[in-house]
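# Structure at a glance
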Amino acid sequence: MTVKSLGNPYSSETDLRHGADCGCAGCVTSAVEKQGGPDLTTSEGMLERAVESAIVRSVFGQSDIGRRSFMGMMGGTTMAAALASVFPINEAKAAILDNLGPPEKTDLNIGFVPITCATPIIMAQPLGFYERYGLNAQVIKTAGWAVARDKSLNGEYDASHMLTPMPLAMTLGAGSIAEPYIMPAVENINGQAIVLSNEHLDKRDPTQWKGFTFGVPFEYSMHNFLLRYYVAEFGLDPDVDIQIRVVPPPEMVANLRAGNLDGYLSPDPFNQRAVFEGIGFIHLLTKEIWEGHPCCAFAAPLSFAQELPNTYGALLKSIIDATQYASAAENRKEISEAIAPTNYLNQPVTVIEQVLTGTYADGLGEVQRVPDRIDFDPFPWHSMGVWILTQMKRWGYIEGDVDYKAVAEQVYLAADCKKVMEDLGYEAPDVTYKSHTIMGKTFDYNEPEAYVDSFAIKKG
């Protein structure tokens with residue numbers, strides 16, 4: 001068996017994917033003397049090895065194939081010496097260990113809704129990313145977003161997989177009691193689709209959708225806001241001309257089959273599952289509405305970070321490291337197998353692979369190849385938060401004066417994400433705002449109220 005995740009990053013035999021408890025020779029105590037380096041039975045030792053691994057991986061652009069090939073040709077000792085001559089690797093490890101003490105709490109409960117958007121949060125358990133940073137985290141399957149919100153609010157979950165609008169809404173008290181929430185990392189970008197029942201193969205034009213009933217997974221979701229935006233651009237008022245129902249993601253396919261829904265804008269794998277079951281087709285991927293849009297995120301109560309700062313830091317490192325791992329195309333098949341089992345997504349591996357690899361049947365007789373059908377980028381752009389708030393205002397979910405930037409910056413902790421990304425050897429943006437283009441219309445984050453007023457179709 002090859003040495004993985006916590007194995008020696010200078011070895012050509014090492015495949016950096018397993019966790020400390022996988023049992024392979026490089027991930028247990030007996031291998032420490034053989035491969036050199038820190039004691040991997042301690043959280044400090046695992047963190048040292050993780051930092052070292054992140055630095056080496058960053059040198060090779062996160063390509064493990066390239067790293068292993070180079071180590072095989074040059075030798076790990078030569079590479080280690082060369083790297084040490086130009087980069088203070090020991091000082092970097094020491095600085096990170098100094099800044100992040102042992103977690104105050106190691107046993108954590110993290111909620112997730114079983115969708116591919118939660119890939120980093122889910123895979124971080126079977127692939128060992130939580131253990132890497134000294135945490136014993138249990139990921140707990142949750143039926144839907146209302147349940148996830150309520151379990152988080154009442155303290156059953158230490159942190160949770162959430163939709164990117166949720167921590168904004170919860171902080172403002174929209175749809176729930178007001179509780180300050182933080183979102184230091186996005187889980188996925190893109191990754192959704194509009195699916196229509198096969199009964200509507202002749203209705204590809206949204207102007208034909210009057211009277212249709214669509215499902216979305218939650219009111220405070222990108223799915224709801226993207227569906228509303230999309231149909232409104234075709235002249236339909238989503239509160240008048242169509243009906244939008246909240247349906248938990250695992251129930252989407254059954255409702256489509258039963259005729260309760262004409263279509264849905266849903267997270268995967270349920271878009272692909274409709275095709276797999278032969279009952280629906282993919283009308284369009286949401287990346288065609290907004291390329292690079294955010295969807296799901298890692299979120300927690302502000303009190304979690306304040307009361308358990310080291311635990312919060314270790315958890316954020318786990319999530320960001322897993323998110324970066326998921327972003328590499330060569331890891332997607334392995335991840336598909338890891339998250340397919342019953343206790344995670346409970347889906348056929350082939351369905352998940354079609355989503356994660358972007359090579360998929362569209363239900364219209366074609367095989368599409370869209371490598372970034374779903375992608376993973378942890379950086380929480382403040383401008384994305386401002387856009388979400390404009391849509392909440394547009395459709396009446398929040399009212400009155402809104403300090404868009406202040407709320408986005410309070411909730412979306414871009415500085416925390418940037419620091420952790422750089423600590424782990426990943427590149428992070430130097431700015432937190434940028435322009436976004438949605439269906440050909442540029443969003444100016446400096447004029448959010450004017451943007452809301454620019455739409456002919458909106459609440460009231």
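- As recorded in an unreviewed UniProt entry, the protein chain goes by the name CmpA/NrtA family ABC transporter substrate-binding protein, listed as coming from Yoonia algicola.

### Some details on helix H19 (residues 414–423)
- All of the buried residues along H19 are Ala-414, Cys-417, Val-420 and Met-421. Down the axis, H19 shows its buried residues gathered within 135° of arc, on one side only.
- Where H19 is buried, its residues meet strand S4 (181–186), helix H14 (309–327) and helix H17 (382–394).
- Backbone geometry just downstream of H19 places Gly-425 in the positive-phi region, at approximately 90°.

### Things to note about the pattern of salt bridges
- According to the stated counting rule, one finds 18 salt bridges in the structure shown.
- Lys-287 is the partner of Asp-372 in a salt bridge, and the nearest nitrogen-oxygen pair spans 3.5 Å. Separated by 85 residues along the polypeptide, Asp-372 in the loop between strand S13 (367–369) and strand S14 (374–375) and Lys-287 in the loop between strand S10 (280–285) and strand S11 (296–301) bring together distant segments of the chain.
- Note on Asp-372: relative accessible area 26%, which makes it partly exposed.

### Here we look at the packing of H17 against helix H18 (residues 404–411)
- At a minimum axis separation of 8 Å, H17 and H18 run at an interaxial angle of 125°. On the basis of their axis angle, the class for H17 and H18 is oblique. The hand of the H17/H18 crossing is right-handed. Between H17 and H18, the residues in contact are His-382, Gly-385, Val-386, Leu-389, Thr-390 and Lys-393 and Tyr-404, Lys-405, Val-407, Ala-408 and Glu-409, respectively.

### Brief notes about empty space enclosed by the protein
- Under the defined criterion, the tally for this structure stands at one cavity of 30 Å³ or more.
- For the largest cavity, the calculated volume is near 30 Å³.
- Around the largest cavity sit Arg-149, Met-166, Ala-169, Met-170, Ala-174, Ser-176, Phe-218 and Tyr-220, which together line it.
- Counting residues per element, the lining of the largest cavity draws most heavily on helix H9 (residues 166–172), at three residues.
- In terms of residue class, the lining of the largest cavity is made up of six nonpolar, one polar and one charged.

### Quick word on H17
- Taking 1.5 Å as the rise per residue, H17 with 13 residues should run 18 Å; its terminal C-alpha atoms sit 18 Å apart, in good agreement.
- Gly-396 lies just past H17 and shows a positive phi near 85°.

### Quick look at the sheet that holds strand S9 (residues 263–267)
- Taken in spatial order, the five strands of this open sheet run S8-S7-S9-S6-S10, and their pairing is mixed. In this open sheet, the two strands that pair with only one neighbour each are strand S8 (243–246) and S10. Each strand of the sheet is rotated relative to its neighbour by a mean of 25°, with strand direction disregarded.
- Relative to S9, strand S6 (residues 192–197) is paired through five bridges, and the arrangement is antiparallel. Pairing of Gln-192 across the sheet is with Pro-267, part of S9.
- Against the sheet, helix H10 (residues 222–233) contacts S6, strand S7 (213–216), S8, S9 and S10, and its axis sits at roughly 140° relative to S9.

### Some remarks on the packing of aromatic side chains
- Going through the model one piece at a time under the given rule, you end up with 16 aromatic pairs.
- Geometrically, the ring pair formed by Tyr-220 and Tyr-397 is edge-to-face, given 5.3 Å between the ring centres and 65° between the ring planes. Taken together, the residues Tyr-220 in the loop between S7 and H10 and Tyr-397 in the loop between H17 and H18 connect sequence positions 177 residues apart. By the burial criterion, Tyr-220 is buried, and Tyr-397 matches it.
- For the cation-ring pair, Arg-373 lies above Tyr-360, with the distance from its terminal atom to the ring centre recorded as 4.3 Å.
- A cation over an aromatic ring shows up here: Lys-405 above the ring of Tyr-433, its NZ or CZ 4.9 Å from the ring centre.

### A word on the state of the cysteines
- Taken as a whole and judged by the stated rule, the model has zero disulfides.
- Here Cys-296 stays unpaired: no disulfide links it, and the sulfur of Cys-295, its closest cysteine neighbor, is 3.8 Å away.

### Digging into the environment of Leu-261
- For Leu-261, the location among the structural elements is in the loop between helix H11 (252–257) and S9.
- Sequence separation of Leu-261 and Ser-197 is 64 residues, and the distance between their C-alpha atoms is 7.9 Å.
- If we ignore the near neighbours within four places in the chain, the residues touching Leu-261 are Thr-213, Phe-214, Gly-215, Arg-245, Val-247, Met-252, Asn-255 and Leu-256.

### A few points about the environment of Ala-408
- Secondary-structure assignment places Ala-408 in helix H18.
- Expressed as a C-alpha distance, the spacing of Ala-408 and Trp-381, which sit 27 residues apart in the sequence, is 8.8 Å.

### Observations concerning the packing of H14 against H19
- One can describe the packing of H14 onto H19 by two numbers: an axis separation of 10 Å at closest approach and a directional angle of 70°. Comparing their axes, H19 and H14 come out roughly perpendicular. Seen from above, H14 lies across H19 with right-handed handedness. Facing Tyr-312, Leu-316, Lys-317, Ile-320 and Gln-324 of H14, the residues of H19 in contact are Asp-416, Cys-417, Val-420, Met-421 and Asp-423.
- Partitioning the contact of H14 with H19 into residue classes produces six nonpolar, one polar and three charged.

### Some words on the pairing of S8
- Judged from the four bridges that link them, S7 and S8 form a sheet pairing that is parallel. Bridging across to S8, Gly-215 finds its partner in Arg-245.

### Quick word on the nonpolar core
- Ranked by size, the top nonpolar core spans 135 residues in total, and within it Tyr-130, Leu-315, Trp-387 and Met-392 carry the most contacts.
- Apart from the residues within four sequence positions on either side, Tyr-130 is in contact with Ile-110, Ile-121, Ala-124, Gln-125, Leu-135, Ala-137, Val-139, Leu-315, Ser-318 and Ile-319.
- Among the nonpolar cores identified, the runner-up in size contains seven residues, and Tyr-10, Ile-55, Phe-60 and Met-79 belong to it.

Rules used throughout
Residues numbered from 1 in each chain as written. Predicted model: local features only at pLDDT ≥ 70, side-chain atom pairs only at ≥ 80, totals over all residues. Heavy atoms only, no water. Buried < 20%, exposed > 50% of the residue type's maximum accessible area, 1.4 Å probe, protein only. Helix = DSSP H or I, 4+ residues; strand = E, 2+ residues; numbered from the N terminus. Arc of directions from axis to C-beta. Contact = heavy atoms within 4.5 Å. Salt bridge = Lys/Arg side-chain N within 4 Å of Asp/Glu carboxyl O. Axes fitted to C-alpha atoms, helices over the stretch in contact; angles between N-to-C directions. Parallel < 35°, antiparallel > 145°, perpendicular 65-115°, else oblique. Left-handed = near helix turned anticlockwise from the far one by under 90°. 1 Å grid on protein atoms, 1.4 Å probe; cavity = no way out; pocket = protein on both sides within 12 Å on 5 of 7 lines; lining within 4 Å. Points joined across faces, edges and corners; volume = space filled by probe spheres on them. Nonpolar A, V, L, I, M, F, W, Y, C, P; charged D, E, K, R; others polar. Expected span 1.5 Å × (residues − 1). Pairing = 2+ DSSP bridges. Phe/Tyr/Trp six-rings, centres within 6.5 Å; stacked < 30°, edge-to-face > 60°. Lys NZ or Arg CZ within 6 Å of the ring centre and 35° of its normal. Disulfide = S-S within 2.5 Å. Core = buried A, V, L, I, M, F, W, Y, C linked by side-chain atoms within 4.5 Å.

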